[in-house]
Each structure stands twice: as structure tokens, then as C-alpha cells.
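# Summary of the model geometry
So the chains spell out like this:
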Amino acid sequence: MKKIILLCLITQALWAQSKTITSNIEKVTVFLNGAQVTRSAKVSLPAGKTELVFKGISPQIDKQSIQVKSEGRFSILSVTHQLGSLLDKTQQEEITRLELQKRQIEEKITLERNYLLLFKREEEMLLKNQVVGGQQAGTKVADLKESIQYQRQQMQEVLLKKLEFEKNIQRFEEEIKKINQQMTEFNSKKDVQMSEIVVTVLAKEKIDNTSISASYFVKNAGWTPTYDFRIEKLNQPISLTYKASIFQYSGEDWKEVKVTLSTANPYKSGTAPILQKWVVGQRNDYSEYYQNINQADAMNINANQAEVYGKVTAKRDKAPLPGTQVLLKGTTLGTSTDINGNYRLTIPPTLYGKKAVLVFEFIGYKGIEKVISSNKMDVVLEEDSQHLQEVVVVGYGMSGDLSGRVAGVNVTQDKRTVPLDISENDTPTSQSFEILIPYTVLSDGKVYTAEIKEESIPAAFEHFCVPKIDTDVFLHAHIIGWEKYRLLPGEASLFVENTFIGKSKLNLFNKDTLSLSFGRDNSILVNRTKIKSYQKKQLIGSNKIEQFSYEIIARNTKSEAINLLIEDQFPTSDNRDISIDEKEAPEAEINSETGKVKWRLNLAPAKEYKVSLKYSIKSPKSGMVISE
């Protein structure tokens, strides 16, 4: 008896029943490139060996990354990966039910059509009898009336029956059409391969309602940092909004899950370089290391840094079109051109290079669509006379009212979105932002923007002008100690008093001070003029001397003082027969090597300041020198 019991136990341990479990995505950690997904499920296990099958998992899974954890009193014997259909058992059963229902309806349609055919034949017979009766000679009037009345009743019944069968056939055909639509949806999933994780477990006794989870790494997912920098007043800190553009095309939806954003990049090599012995005369070769790094960087670029940029101009006068809406067709991803008509847009990796289309729209101009064929795409828009009188304001990516001038139209903005509730954590090699409310990111080709946090950042504001090239004055903000804000390279949108003035790219490498340009400030007026009375030409021996003088006037029309940096230059010479003499630039910083001249001015409100630049050029009479 003991031998029989022991044999039964051994047989039960060797044989494993397969069990498909219903699992839900519980949390996702999104890296700069890729994501780690964790699924959890509740299962009940019989005593012995059982195969638990997690279905509906992304086909982009990295098989080596699969991890399974449990809280129950059972052992995990093995974990394997396999490909399966997107359809589960319930859906397969639904397909079988629909096929049976379709056959039954088709049989009803056949029967109704046969009945319809019979009544069509009866209708034909009635028509023939009517003709024959009308041609008979000597028919009594009473008999004729009775015959006509009979034929009328019969014809009425036939026509009503025909109408009834035709309606039934139409109704059944509509039902067939609906079933076909359902079956088309199911059949479209038949050939879609999804991953399945098969976990073989061994329980010594029956276990009820225990927890098990599986985590894995998927490709075609990631996030990119974006920023909004806002200036209200020059004596106030800059407002920084740190945002994340999250995307995923893994094949499975993340619905109402815990999402954590990590600054780590699993594709980036974590192996440090090692110096090899270098003998003079032999090649100091680290090509293998660079090759590995470049391959990893290429994967990273494809995931996060695929960009399209260019300029939008008008066909009539080649003038730039600021405020042009540039949208990635089929998504919510887009941007606007800056004051010079330039745009720059980051494209998710799975869309870049796959006939993605950009849509360009500007008020009063014909919108166009262009397939992305290269990183640089300049666009020329043609005026649309039919829409010149129509004014439409579209504020992309903003909620509430806009402010400032968009495409020449005054608008206002008062409302601001509220950042998500975020928990910020540091790890030994990265930083993470945990979104504390359930979040949804569908695998639908769209980019989901989440506001992570807001910071108030002290900055030194400085106006900058190179009047020799352009007399417009540019506002710069210099941020010292930006490292403590843990910024990453990314795209920044710039606003002055809630007016969008353009985009910039944060390049944070090898910079102690982060500088941002907030565009042109028309409140500061600068003019550079040549003083003709000083300009002279002298001939001394075999040489000639030319004298030059310039005056620069800066005026502050603001109601507050500003710091203004003006740059100009002295010419330099690399010819010993040509010399630059009598150089004068009072109160300026002069770089003797480059010839650059800098004035740092503090301009009070409604005040102006004058600076001057003088020099002479000594050169041979016979030579021609470009002196300006």
C-alpha cells in the first residue's frame, strides 16, 4: 500500500498541469531608453507541479530580463519564454461562437430567399392568369368582378409576404455584417504574436489565493525631459517647469499603473575603460571600446534624440513665419517656430524614419504635409487668399487662455497646469521620479507629457548686443549652480511674461554657468555710427594710415535698471607690414589676441550711455586693405 501511495506522489510531481492566469500590470519604471514592467496575479495552486502562463505580454520583451517573485509556500522550478497569439482562450471560444452564429444566420437567409422565390413565382402566375381572364370572350360581369377581387387579394398577400421576407433577409444580412466586423477584429489579432512567460512551480500542498509577479524589460519605450523657463520680472527668479514626454510602443497598454521615471539608461555601457600599456611607435588603439560606446550611443540616439529641424518661410517674400504650428501627424507631438521661423522637434524612435509626416500650419497660409526624409527640413508656405480674413488662434500644449502674440493675434493666458504629485529619489547612479497617482500610457503612438516639478531659480539677467552686426538687444539669463537642479539635456520652451518666444536646447556639458537666450528686447535701443570727422587718410613715406572712429549709444526705455554687455572689435593683423595702432576704447575690456572689445554697463531707467571705439591701420601704399 505504501508503495502505491509513493508511486502516486512521484507521478503527481512529474506531471504538470498548465494554467493560464489573469495578470495585471502593476507598475512600470520608464528609463530614458526602455522600460521595466511588473505584472502581478493571484493564483490558487493544487498540490504538485503546475505551469502558470502569463499571456498578453509585449513582443518587445528582453528574455534575459525576466524575473519572477512569489509570496506563497511553493518553489519556482523554471521560467521560460515563448511566443503566443494575442488571443486568449476566452477570445478563441468567442470566435467559435461567432462562426456558429454566422452559419445559423446564413441558413436562415437561405430559407428566407427560397420562400421569397416561391412567392415571386406565385406573383408571376397571378399576372399571367389576369391576362388570360381578361382575354376570354363572353365572361359575365359578376364572374369578372369576382375574379378581379380574388386576384387582388392574392396579389396583396403575395406582395406583403415578399416584403416580409425581403426585410428578414436585410436584417439577417446586417447581423452577418456585425459578426464579420467582430471576427475581423479577432482575426487581425490571430497573427499578432505576443510574449508568454511560463513559470513552472511545485507546491507540496494545495494553496489558495497566493501572489505571484513577473517583471521584464521592454524596448520601444522611454521618456525625454523637456522644460519651460518663464520670466516675469528681471528682479525675480526664473520659473522652471520640469516635464517628461513619455512614449511607448511595446504592444501592451499601461492603464492606471504606478509609473516611475528613471534617468538611468540600460543601453548605455556600464563598463569603464582600461588603459593599456602604450609603447612609442606602436598604435595606441582603443577602437574596440569606442565602437562599443558608439553602438550604445546610436541606440540611445535612435530612442531619444532623433530630431527634425528647419526653417519655415513665406513663398512671397522669403520672410520667416514665427508661430507656425509644426505637428507630427497622428500624434499629439508638436512645436511652434520661433521669432526667426526656426523649429526643432524630437521624434520618438519608432516613428522616425518610417514615413512619419509633419504637418505645417500658419494662419492665412495653405497648410502642407511633408514626409520626414532627413533631419533638416526647410518649408515654404504659400498664402491662401480664401483664409486671409479668417483668424484662428491655436495654443498647442497649453491649457486655459494664452497670452502674448501668436501669429500676429493678441491672446492672454492666466491658467497654468498643476504638476503631478511626485516623489523624487536618488539612487547611487541615477535619479527617479515616482508619480504617486495611477497613470495611463497607451501603446498608441502618442506622446504623454507629465509635469514633474516646478523650481524657482535665481538668475543673473544681462542684456547683450553686438551693434556692428545687429543693433537689436538680446536678453540672456545666466544660472550659476544649475547642477543642484539635476537637469538633463533636453528641449526648453522660453516664455517672457507668458509670451512664448521660442525654443532652445539645453547643452549641459562642460559648462559652469547655464545661459539661456530669451530673445530680443525692443525696450533697449542701441545705435552704432561712424564719426566721419575723425576719418582720415595720410601718406607717410611708402605707407598710408587710415583712421576710424565709431560711437555707440545705448538707451534704456524700461522702468527698471538693466545690465548691458556691448561687444565690438578691433581688427587684427597677421601681416608684419600691416599694423593696428592708436586703439582706444575707454572703459572697455580688450582682448589683445582676438581684438574683442566689451563694455559692461549699468543703465538706469530712461537713461542713455555713450561709448566710443577708435583705431588706425597702417599699411603699404601699394596694397589694398579691407578696413571695415
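Quick caveat: nothing in here was measured; it's all calculated off a predicted structure.

### Topic: the environment of Asn-235
Structurally, Asn-235 is set in the loop between β9 (221–231) and β10 (238–248). Classification of Asn-235 by relative accessible area gives exposed; the value is 64%. Residues Asn-235 and Ile-562, 327 residues apart in the sequence, show an inter-C-alpha distance of 9.7 Å.

### Re the sheet that holds strand β28 (residues 499–506)
In spatial order, the strands read β24-β10-β9-β27-β28; together these 5 strands make up an open sheet with mixed pairing. The two strands at the open ends of the sheet, each matched to only one other strand, are β24 (448–457) and β28. In this sheet, adjacent strand axes meet at a mean angle of 25° when their direction is disregarded. In the sheet, β9 pairs with β10 via 10 bridges, with the strands oriented antiparallel. Opposite Thr-226, over in β10, you have Lys-243 as the bridge partner.

### Quick notes on the side chain of His-463
Relative to the assigned elements, His-463 resides in strand β25 (residues 460–466). According to the relative accessible area criterion, His-463 is buried, its value standing at 1%. Separated by 2.9 Å, the side chains of His-463 and Asp-521 make a polar contact. Beyond its immediate sequence surroundings of up to four residues, His-463 is in contact with Leu-234, Val-473, Phe-474, Leu-475, Asp-521, Ile-524, Lys-558, Ile-562, Asn-563, Leu-564 and Leu-565.

### With respect to the nonpolar core
Among soluble globular proteins, nonpolar side chains are generally buried collectively. By size, the foremost hydrophobic cluster in this structure holds 89 residues, and its most contacted members are Ile-212, Trp-223, Phe-229, Trp-254, Phe-518 and Trp-599. Contact partners of Phe-518, with chain neighbours within four places excluded, come to Phe-229, Ile-231, Ile-238, Leu-475, Ala-477, Leu-494, Phe-495, Val-496 and Ile-501.

### Brief notes about the sheet that holds strand β16 (residues 357–361)
Read across the open sheet, the 4 strands follow the order β14-β13-β16-β17; overall the sheet is antiparallel. Bordering the open sheet on either side are β14 (334–336) and β17 (368–371), each of which pairs with just one other strand. Between one strand axis and the next, the sheet turns by 20° as a mean value, whatever way the strands run.

### A look at the pattern of salt bridges
Considering all chains together, one arrives at 25 salt bridges under this definition. Linking Glu-369 and Lys-329 is a salt bridge whose minimum nitrogen-to-oxygen distance equals 3.0 Å. Of this pair, Glu-369 sits in strand β17 while Lys-329 is found in the loop between β13 (325–328) and β14, placing the two residues 40 residues apart along the sequence. Owing to a relative accessible area of 47%, Glu-369 belongs among the partly exposed residues under this scheme. Across the salt bridge formed by Lys-558 and Asp-521, the nearest N and O atoms sit 3.1 Å from each other. One end of the pair, Lys-558, is in the loop between β32 (543–556) and β33 (562–569); the other, Asp-521, is in the loop between β29 (513–520) and β30 (524–530), and 37 residues separate them in sequence. Three or more residues joined by partner-sharing salt bridges are found here, namely Asp-228, Arg-230 and Lys-243.

### With respect to unusual backbone geometry
At Arg-486, a position not held by glycine, the phi torsion is positive, near 55°. As for its placement among the helices and strands, Arg-486 is situated in the loop between β26 (470–480) and β27 (490–496). Take Arg-486: its relative accessible area is 34%, and that puts it in the partly exposed class. We note that Ala-606 has phi near 60°; this positive angle belongs to a residue other than glycine. Turning to its location among the elements, Ala-606 is positioned in the loop between β36 (596–603) and β37 (608–620).

### Observations regarding the packing of aromatic side chains
Applying the stated criterion across every chain yields a total of 13 aromatic pairs. An aromatic cluster is built from Trp-223, Tyr-227, Phe-229, Tyr-242 and Phe-433, whose rings are joined through pairwise contacts. Across from the ring centre of Phe-172, 4.6 Å away, lies the NZ or CZ of Arg-171, which sits over that ring. For the cation-ring pair, Arg-528 lies above Tyr-550, with the distance from its terminal atom to the ring centre recorded as 4.1 Å.

Calculation criteria
Residues numbered from 1 in each chain as written. Predicted model: local features only at pLDDT ≥ 70, side-chain atom pairs only at ≥ 80, totals over all residues. Heavy atoms only, no water. Helix = DSSP H or I, 4+ residues; strand = E, 2+ residues; numbered from the N terminus. Buried < 20%, exposed > 50% of the residue type's maximum accessible area, 1.4 Å probe, protein only. Pairing = 2+ DSSP bridges. Axes fitted to C-alpha atoms, helices over the stretch in contact; angles between N-to-C directions. Polar contact = N/O pair within 3.5 Å; in protein donor to acceptor, adjacent residues only side chain to side chain. Contact = heavy atoms within 4.5 Å. Core = buried A, V, L, I, M, F, W, Y, C linked by side-chain atoms within 4.5 Å. Salt bridge = Lys/Arg side-chain N within 4 Å of Asp/Glu carboxyl O. Phe/Tyr/Trp six-rings, centres within 6.5 Å; stacked < 30°, edge-to-face > 60°. Lys NZ or Arg CZ within 6 Å of the ring centre and 35° of its normal.

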